[in-house]
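Chains, contacts and geometry: an overview
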Amino acid sequence: MILSVSRRTDIPAFYSEWFFNRLKEGFVLVRNPMNPHQVSRVDISPKNIDCIVFWSKDPEKMIARLDELAGYTYYFQFTITPYNREIEPNLRDKREIVETFVKLSEMIGRERVIWRYDPVIVTGRFTLEWHLKAFESMAGRLGKYTDKCVISFVDLYRKILRNIRTIGAKEPADGDLQTLAGGFSEMAKANDLVLESCSELVDLSAFGIQHGRCVDDRLISKMLGRELTVSKDRNQREACGCVESVDIGAYNTCPNGCLYCYANYSKTTVEKNRRAYDPDSPMLCDRPGEGDRITARKTKESKDKQTRLF
């Protein structure tokens, strides 16, 4: 099993104490976002987890506790963009976050810290030329500490449309995509970076940019030293190349407040969920309640049907 921690919220930045407590307990409860009364009990003991994929904009709080991940294989998808607090209002100074990236890479190895320049947002202020200059500067700094950069272009989902339009964001036209892809590709090559796209239907292979897999069975197999057989994740978008994983996060719990975030769609709900946070709870920003049906998720060691616990 591959554990995703988490596409739905920034667990390393805000909920690392909860996560490490769950590792000690050996399980986590996860509410199905499409069916709230359906709750999975996920065995996260080392024998059941092939790899943990962490997603974060600032995992500084985890760094002093990485020794608690002994026995697990893991890597980080680490997002650093050049945007200011107009778009990412609650992040630390980017220079400090870059230093966290460097520190993490030096501790666990450059192949296990993947830089995400994600998403690319084009506005009257954040122009193509602005992005090209920003990417060149960041690639020059981060290229010494990672093997790969992942890019994507903003999608104007209904859930984020109101927020993102306040800054005049628009989806890049085809010609804009070619300009950015070509420029990014040249800068990536100059800094020995592999460049991949995330969930993009557009073919950028002419620029040496392949469709990526953020939850990547190829990388995980290399890290494990054995072949990992796992299917494409059917719960993600068509263009997503990721393989199957189990996400243990919860929507509407991330305080980063980024305008482009699809995982938060109600500030009121975010605040409510944050108040419910208990690092000792088996469930993130929540607890099982009346009417919940908790079932044990199938593991590598059991092929039986899920068992009702209560």
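Structure's up top.
Report follows, based on the coordinates. Bear in mind that the values here come from a model prediction, so they are computed numbers and not experimental data.

Following the sequence through the fold, threonine 146 ends up in the loop between helix H5 (128–142) and strand E7 (148–153). Not counting chain neighbours up to four residues away, the residues in contact with threonine 146 comprise Phe101, Arg110, Val113, Ile114, Trp115 and Leu193.

Take the sheet that holds strand E2 (residues 27–32) next. What holds strands together in a sheet is hydrogen bonding between their backbones, with the strands either parallel or antiparallel. With respect to topology, 3 strands assemble into an open sheet ordered E2-E3-E11, the strand pairing being mixed. Edge strands, defined here as strands with exactly one partner in the open sheet, are E2 and strand E11 (293–296). The mean angle between the axes of side-by-side strands here comes to 25°, regardless of whether they run parallel or antiparallel.

In the structure shown here, the tally under the stated rule is 0 disulfides. We note that cysteine 258 lacks a disulfide partner, and the nearest cysteine sulfur, in cysteine 261, lies 6.6 Å from it.

Before going further, it helps to spend a moment on unusual backbone geometry. Residue serine 6 is bonded to the preceding valine 5 through a cis peptide linkage, with omega at -5°. Tracing the backbone shows serine 6 in the loop between strand E1 (2–5) and helix H1 (11–14). Look at serine 199: it is not a glycine, yet its phi comes out positive at around 55°. You can see serine 199 is positioned in the loop between strand E8 (194–197) and strand E9 (210–211). Phi angles above zero are rare outside glycine, and cysteine 285 is one such case at about 55°. Within the element layout of this structure, cysteine 285 appears in the loop between helix H9 (267–275) and E11.

Take the pattern of salt bridges next. Pairing between side chains becomes possible if they bear opposite charge and their charged atoms approach one another. Within this structure, the stated rule accounts for 20 salt bridges. Of the charged contacts in the structure, one is a salt bridge between arginine 110 and aspartate 147, with a shortest N-O distance of 2.6 Å. Of this pair, arginine 110 sits in the loop between helix H4 (94–108) and strand E6 (113–120) while aspartate 147 sits in the loop between H5 and E7; the two residues are 37 residues apart in sequence, bridging distant segments of the chain. Overlapping salt bridges bring together Lys148, Glu196, Asp216 and Arg218 as one network.

A few words now on the pairing of E7. Counted residue by residue, E7 has 6 buried out of 6 residues, so it is predominantly covered. Here E7 shows no split at all, with Lys148, Val150 and Ser152 on one side and Cys149, Ile151 and Phe153 on the other all buried. Alignment of E6 against E7, held across 4 bridges, turns out to be parallel. Bridging across to E7, arginine 116 finds its partner in valine 150. Crossover connection from E6 via H5 to parallel E7: handedness right-handed.

The next subject is the environment of arginine 237. In this fold, arginine 237 is placed in the loop between helix H8 (217–224) and strand E10 (246–247). Of the residues examined, arginine 237 reaches a relative accessible area of 37% and is grouped as partly exposed. Sequence separation between arginine 237 and glutamate 200 is 37 residues, and the spatial gap between their C-alpha atoms is 9.5 Å.

Judged by nonpolar contacts, the single largest core of 63 residues is most densely connected at Phe19, Ile52, Leu69, Trp115, Tyr117 and Phe135. Sequence-distant contacts of phenylalanine 19, that is, excluding residues within four places in its chain, are made with Val5, Ile11, Ile52, Phe54, Leu69 and Ile248. Listed in part, the 16 residues of the second largest apolar core include Tyr75, Ile114, Leu219 and Cys242.

Reading across the sheet, the 8 strands line up as E9-E8-E7-E6-E5-E4-E1-E10 and stay open at both edges, with parallel pairing between neighbours. Two strands bound the open sheet, and with one partner strand each, they are E9 and E10. Pairing of E1 with E10, which is carried by 2 bridges, proceeds in the parallel orientation. Considered in E10, the bridge of leucine 3 is made with valine 246. Sitting on the sheet, H8 touches E1, strand E4 (51–56), strand E5 (74–79), E6 and E8, and the angle it makes with E5 is about 140°.

Burial analysis of helix H2 (residues 16–25) places 7 of its 10 residues in the buried class, which makes it a mostly covered element. Along its buried surface, H2 packs onto E1, H1, E2, E4 and helix H3 (60–63). Two residues or fewer past H2, glycine 26 is found with a positive phi of approximately 90°.

The rules behind these values
Residues numbered from 1 in each chain as written. Predicted model: local features only at pLDDT ≥ 70, side-chain atom pairs only at ≥ 80, totals over all residues. Heavy atoms only, no water. Helix = DSSP H or I, 4+ residues; strand = E, 2+ residues; numbered from the N terminus. Contact = heavy atoms within 4.5 Å. Pairing = 2+ DSSP bridges. Axes fitted to C-alpha atoms, helices over the stretch in contact; angles between N-to-C directions. Disulfide = S-S within 2.5 Å. Salt bridge = Lys/Arg side-chain N within 4 Å of Asp/Glu carboxyl O. Buried < 20%, exposed > 50% of the residue type's maximum accessible area, 1.4 Å probe, protein only. Right-handed = clockwise from strand over helix to strand, strands pointing away. Core = buried A, V, L, I, M, F, W, Y, C linked by side-chain atoms within 4.5 Å.

Any functional reading would require information that these geometric values do not contain.
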